[in-house]
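# Structural description and commentary
Read off the chains here:
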Amino acid sequence: MTKNERRRLATGLLFISPWLVGFFALCVYPLVSSVYFSLCDYSVLSPPVFIGVRNYQNLWIDNVFWTSLYNTVFFAVFAIPLGLVVSLSLAVLLNFSIPGKGIFRTIFFLPSLVPMVCLAVLWQWMLNGELGLVNNAANPVLHVLNDMLGTAWSAPNWLQDARYAKWGIIFTGLWGVGNAVVIYLAGLQDVPRYLYESADIDGAGFWQKTIHITIPVISPVIYFNSIMGLIGTFQVFAVPFVMTNGGDGPERSLLFMATYLYENAFAYWNMGYACAIGVILFLVILALTWLATKLSEKHVYYAGK
Amino acid sequence: MTTNYHAATGRLLCLLCAVFCLASRALFAAGDKVTITYWEKWTGFEADAMRAVVDDFNASQDRIFVDFSSVSQIDRRLMLATAGGVPPDVAGIWAEQLPVYAENNALTPLDRMAAAEGITGSEYIPAFWNLCRHRGHLWALPSTPASIALVYNKKMFREAGLDPERPPRTIAELEEFNDRLLRRSESGKILTIGHLPEEPGWWSPMWGYWFGGSLWDGKSRITADSPENRAAFRWIQSYPDRFGADNLLAMHDGFSNFASSQNAFFTGRVAMVLQGVWVYNFIEKYAPADFEWGVAPFPTATAGDPNPTTIVECDILVIPHGAKHPQEAFEFIRYVNSRKPMEKLCLGQRKFSPLAECSEEFFAKHPNPFIRTFLELAKSPNARTVPRMATWTEYTAELKNAVGRVWAGRARAEEALAEAQSRQQKSLDRQLERWHRQENTLKREWDKP
């Protein structure tokens, strides 16, 4: 390396140093140290004591950890596809050229501007079993159905009943699809007009055009939103935490991995154990993202390729 | 260009100097006084009461200045600030957190400073002095204490044909009263009820105390599934069995926040609750003007014990480990714990004093008509506390979950307790292992002169 090259390298490094410093101090160091702490008994105040894989062994036999993993997977399995279908459908509808299109788009986007804590408090009341708007709307319908069918259905106590609590959170999540809708809308604008025109000439209807043109062309956007959804659902924390007033919900039905991690780290002072949960959460997300990438390779269309 | 550059640098330096001078003036405004920082969890009128005492202290001498601030989520912040080496000099926390702080070496032992000032346990109501001790050391001195009791709605008693001056004395009687106070709608919905173990449910992990039980042996064994605790849980279970779990959940879901005028007790939906001395403040603020209430010891499973059962709690003042001015901090804590300032503080917060002696003037001025009842409860030999163990946060969450499952009719009492027992025993074992590993080092440090 000549003197000149070294100087240029130094200048280059200097220019990216703010990013480098931030990356190493705020990403690499916490990541590496939390892997180390996950192998320690660490209460934050006393120095960490290396205990090997004991934390992982304890996690393996900890029913509550498995409950939190089950809850998280349950949430992801239903929330991601549901969110995808709802946001994509909304985007397709909002893409029609109708009068007041801008107003509708704004209306559907607005809820995602509501801060998460406000959203949680709001839905806590919407889903209230006795006074909530959701049940006040559902009960008359159920009464009519009961009269017709001779059944005895009644709307559930969403957040008080372990059987329905997670569904309550899933529905709450649907309220915030506005962000995904905007991304889908941007994707829809990019679908070349001529494809639709030639499909029209071939006599294709709305569904055929959607399935054979729209979805394949915006598949990278769907893929992007799915990965973001995957990461988001596995890290779900704020909304259930606020809705349960900082608890785990009835029968731990709203205890998610991130909640259990937080409790262990900052309520029980088992930082080592919390780090082990964090490492597992990281590996689960990593594995699923890798799997999603593999599975979608053949189904995602990139115009440049 | 160069001249301009130099001129600009010069101007910038001047500006920085000016800022520095102003900042240091502000910092040393207290003169030669030692400034100690004091973090407290209280807000509102409770914080105002302490602020008044702090002001008195600051005015009483010219050596120490106490900088008081209200801090939310103090338990977490204090632990992190202490771990980071920047703790406040004094912190106001809850006594139930003392074991976890002490065993994690987050506090300064006060034994020597207290001995030098001649402070002994005889100055305090025994329950509160004991709450300040752990593992043979003194870690805190009380600020304001509390005890809990049966608080009941006299008007509802009268309307149900019960004597408003004769509250229930046993659990069996409580249930009789419960039946008398029960009102249902035509569809079977519960409109009003005498008592619910889950309203407000703040102490539901400890219902066993009223059945003569304990939650651990004080050393190494969890006793969640003792016969007494099982009896208490069977009592909780009797509610979903009698009224239907869905009915109870629906009723409970309709209850608003405690601190609101929609509170189930203030609105006359529940006639009897287990509540603390602070309930007076909330009744004043939120209950209807014609709200008539009474206070009595909460009924126990068996009659005959002349000493009523209660749970006592205490807000305490501690000096975190690594505090810059422990001597000055203790001087302030000592001041708060002398009779006059303590009575001023407790009167301001409308609680009773944790000190063994209290002036008649205090009671004369006290607005809570039942303050003596709460005080007598705290003095009872059956005044219990949360288990003094470092895993209590986890244990209580576990028991709350167990109560929740029984309450929702999703588990039987014995089953829920057996699970809690096995999980929490493991957790305590782990904690004790951690403790034994550092016990000798910590004790040496704490005993160091």
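The coordinates are above.
So, here's what we can say about the structure. As the structure is a computational prediction, the values presented were derived from the model and not from experiment.

### Observations concerning the pairing of strand S8 (residues 190-195) of chain B
All names here are of chain B. Where strand S7 (residues 183-184) lies against S8, two bridges are found, and the strand directions are antiparallel. If you follow Arg-183 over to S8, its bridge partner there is Thr-192. Where S8 meets strand S9 (residues 270-276), two bridges bridge the pair, whose relative direction is parallel. From the neighbouring strand, His-195 faces S9, where its bridge partner is Met-272.

### So, the pairing of strand S6 (residues 140-153) of chain B
Residue and element names in this part refer to chain B. Judged by how many residues are buried, S6 sits mostly within the fold: 14 of 14 residues are covered. In terms of strand pairing, S6 meets strand S11 (residues 310-318) through six bridges, oriented antiparallel. For Leu-141, the partnering residue across the bridge sits in S11 and is Leu-317. Note that S6 and S9 share five bridges and pair antiparallel. Bridging across to S9, Val-151 finds its partner in Val-273. Here S6 runs beside strand S10 (residues 293-296); their pairing, made up of four bridges, is antiparallel. By the bridge assignment, Tyr-152 is partnered in S10 with Gly-294.

### Some points on the nonpolar core
Judged by nonpolar contacts, the single largest core of 164 residues is most densely connected at Met-257 and Ile-277 of chain A together with Val-90, Ile-236, Ile-316, Val-318 and Val-406 of chain B. Counting residues per element, this core draws most heavily on S6 of chain B, at eight residues. Here Val-318 of chain B is in contact with Ala-91, Ile-93, Leu-107, Trp-139 and Ala-140 of chain B, once residues within four sequence places are set aside.

### With respect to the environment of Tyr-164 of chain A
Residue and element names in this part refer to chain A. With respect to the element layout, Tyr-164 can be found in the loop between helix H6 (133-149) and helix H7 (165-174). You can call Tyr-164 partly exposed: it has 19 C-beta atoms within 10 Å. Setting aside chain neighbours within four positions, we find Tyr-164 in contact with Pro-156 and Trp-158.

Definitions and cut-offs
- Residues numbered from 1 in each chain as written.
- Chains lettered and ligands numbered in written order.
- Predicted model: local features only at pLDDT ≥ 70, side-chain atom pairs only at ≥ 80, totals over all residues.
- Pairing = 2+ DSSP bridges.
- Helix = DSSP H or I, 4+ residues; strand = E, 2+ residues; numbered from the N terminus.
- Buried ≥ 20, exposed ≤ 12 C-beta atoms within 10 Å, placed from the backbone.
- Core = buried A, V, L, I, M, F, W, Y, C linked by C-beta atoms within 7 Å.
- Contact = placed C-beta atoms within 7 Å.

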